[in-house]
Amino acid sequence: MNGTRIAAVGHYQPAKVLTNEDLAGMVDTSDEWIRSRVGIRTRHIAGPDEPVDELAAHAAAKALASAGLTPGDIDLVLVATSTAVDRSPNMAARVAARLGIPSPAAMDVNVVCAGFTHALATADHTVRAGAATRALVIGADKMTDVTDWTDRTTCVLVGDGAGAAVVEACPAGEEPGIGPVLWGSVPEMGHAVRIEGTPSRFAQEGQSVYRWATTQLPPIARKACERAGLAPEDLAGVVLHQANLRIIEPLALKIGAVNAVVARDVVDSGNTSAASIPLAFSKLVERGEISTGDPVLLFGFGGNLSYAGQVVRCP
């Protein structure tokens, strides 16, 4: 088999928008304080009647429609999420039920902020091996469900949303559209980003994450480009995990992607964890900021201090 490609993408965000001014009325903060530290202006917030699988299904339905496919064309559903409330049925099964996908393999992937790129690699490997024909790969999180709204260091960061991609085998003679993954973790530093406790709450050691992301990750991201046979300056786009603008901008600079469009969706969407990469990628495609066939680096990092990145061709 020649490899796989992303046939189409889609995204979804709840209608409600929470501004920095809104947050200033809830905790001791201000628009200036938030923008200067994390670069975020707004974030989308799901209501109590909008569960994670609903966000995921909306994004997945858009990706299917864009690909010109029906639910019956899918035989693998992977949902990257760390905010599932229930253990079973999993998010993938719930999304499949919402969309009417008949008898798919359905699995959740919990690698927090690096979840989507891990799930994308898993879909690539599975289709290459012949164990699936077409996969729906979704990143979806409702971070507001695990947020302490009295903690100004974390509540200003988060938003809710979902992004999805359809993965299929490349036609004969076509170059692979999903490059080799480079992934790993620093498990001994897993405490730096946490969603734990009862009730579950998001917490992080911001300075530790910042130092790790801006110093340790650039050579790893460059190596992901090397595995795809590209130099960083060949990239047309860079979509990093949308954690914090103060991490995204220096990391993109250190990677050396001088000719690339750099996704900065964090400004409008906040940190949506596993949703952030497919959400930002889908928006770049929708706005025409990257074109069909363009090489784009997708690079997730964060929880568990895990990372995963690959170069993909724009659908």
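Described in the following lines is the structure provided in the data block. (Residues numbered from 1 in each chain as written. Predicted model: local features only at pLDDT ≥ 70, side-chain atom pairs only at ≥ 80, totals over all residues. Heavy atoms only, no water.)

### Notes on the overall build of the chain
- The secondary structure content of the chain amounts to eleven helices and 14 strands.
- Across its three principal axes, the chain shows a C-alpha extent of roughly 60 × 40 × 40 Å.
- Counting the 315 residues in the chain, one finds 57% classified as buried.
- Carbon and sulfur atoms form 49% of the exposed surface of the chain, whose accessible area is close to 12,200 Å². (Helix = DSSP H or I, 4+ residues; strand = E, 2+ residues; numbered from the N terminus. Buried < 20%, exposed > 50% of the residue type's maximum accessible area, 1.4 Å probe, protein only. Areas by Shrake-Rupley, 256 points an atom, 1.4 Å probe, with all protein chains shown as cover.)

### Remarks on unusual backbone geometry
- The step from S88 to P89 runs through a cis peptide bond, and the omega angle for that step is 0°.
- With respect to the helices and strands, P89 occurs in the loop between β4 (76-80) and α4 (91-99).
- A cis amide bond, omega 0°, links T198 with the succeeding residue P199.
- With respect to the helices and strands, P199 occurs in the loop between β9 (193-196) and β10 (201-204).
- The phi torsion at V112 lies on the positive side, around 50°, for a residue other than glycine.
- Locating V112 in the fold gives a position in the loop between β5 (105-109) and α5 (115-128).
- For V112, a relative accessible area of 12% corresponds to the buried category.

### Describing the side chain of N90
- Along the chain, N90 falls in the loop between β4 and α4.
- A polar side-chain atom of N90 sits 3.2 Å from the main-chain carbonyl oxygen of A106.
- Once residues within four sequence positions are removed from consideration, N90 is found in contact with A106, M107 and D108. (Polar contact = N/O pair within 3.5 Å; in protein donor to acceptor, adjacent residues only side chain to side chain. Contact = heavy atoms within 4.5 Å.)

### Structural notes on the packing of helix α8 (residues 217-227) against helix α9 (residues 245-255)
- Taken N-terminus to C-terminus, the directions of α8 and α9 make an angle of 55°; their axes are 9 Å apart at the nearest point. With respect to their mutual orientation, α8 and α9 come out oblique. Note that α8 runs across α9; the crossing there is right-handed. Residues L217, P218, A221 and R222 of α8 touch α9, and the partners they reach there are L251, K254 and I255. (Axes fitted to C-alpha atoms, helices over the stretch in contact; angles between N-to-C directions. Parallel < 35°, antiparallel > 145°, perpendicular 65-115°, else oblique. Left-handed = near helix turned anticlockwise from the far one by under 90°.)

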